[in-house]
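Okay, here's what each chain looks like letter by letter:
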Amino acid sequence: QVQLVESGGGMVQPGDSLKLSCVASGWMFGRYNMGWFRQAPGKKREFVGAINWIGRNEYYADAVKGRFSISRDNAENTVSLQMNSLRTEDTAIYYCAASSEGEYYTGDERAFDSWGPGTQVIVGQ
């Protein structure tokens, strides 16, 4: 399994941008498809987006499509989530996750083997 740690969370204003990073340790990071999820207070965890192992295919939830983008650098064992035009409803703990097989692109959590501890994003007025 790969170990994951997110960073980059914080408090921003509506309309601002924020970039989250997730660093992986362990072996063969480049073979994992990666995903981002979030959990808002009092709500279930939800899929944000995913990127395939080589970084050529990206998938996004409708709520963030056009505002968020995912990228990865396999040489640096890093996957990033660029968040633009942030809204108050984007407030959540954000998690990165690694998938070795399964329908990761649908956001099915069962496809993800490893999870980071999360980083808090607060979009406030």
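As a reminder, the structure under discussion sits directly above these lines.
Below is a summary of the structure that appears in this document.

Rules used throughout
Residues numbered from 1 in each chain as written. Predicted model: local features only at pLDDT ≥ 70, side-chain atom pairs only at ≥ 80, totals over all residues. Heavy atoms only, no water. Disulfide = S-S within 2.5 Å. Helix = DSSP H or I, 4+ residues; strand = E, 2+ residues; numbered from the N terminus. Buried < 20%, exposed > 50% of the residue type's maximum accessible area, 1.4 Å probe, protein only. Core = buried A, V, L, I, M, F, W, Y, C linked by side-chain atoms within 4.5 Å. Contact = heavy atoms within 4.5 Å.

Points about the state of the cysteines
Here a disulfide denotes a covalent bond joining the sulfur atom of one cysteine to the sulfur atom of another.
Piece 1. Taken as a whole, this structure holds one disulfide when the rule is applied.
Piece 2. A disulfide bridge connects Cys22 with Cys96, and the sulfur atoms are separated by 1.9 Å. Taking the torsion about the sulfur-sulfur bond, which here is approximately 45°, the covalent link between Cys22 and Cys96 counts as right-handed. With a gap of 74 residues between them, Cys22 in strand 3 (residues 18-25) and Cys96 in strand 9 (residues 92-99) connect regions that are remote in the sequence.
Piece 3. Residue Cys22 is classed as buried on the basis of its relative accessible area of 1%.

Here's the deal with the nonpolar core
Piece 1. Of all hydrophobic cores here, the largest spans 36 residues; its most connected members are Trp36, Leu81, Met83 and Tyr94.
Piece 2. Put simply, the parts of the chain that give this core at least two residues each are strand 3, strand 4 (33-39), strand 5 (46-51), strand 7 (68-73), strand 8 (78-83), strand 9 and strand 11 (119-123).
Piece 3. Take this core: its biggest share by element is five residues, from strand 9.

Quick look at the environment of Lys44
Piece 1. Mapping Lys44 onto the fold places it in the loop between strand 4 and strand 5.
Piece 2. Each residue touching Lys44, except ones within four places of it in the same chain, is listed here: Arg38 and Gln39.

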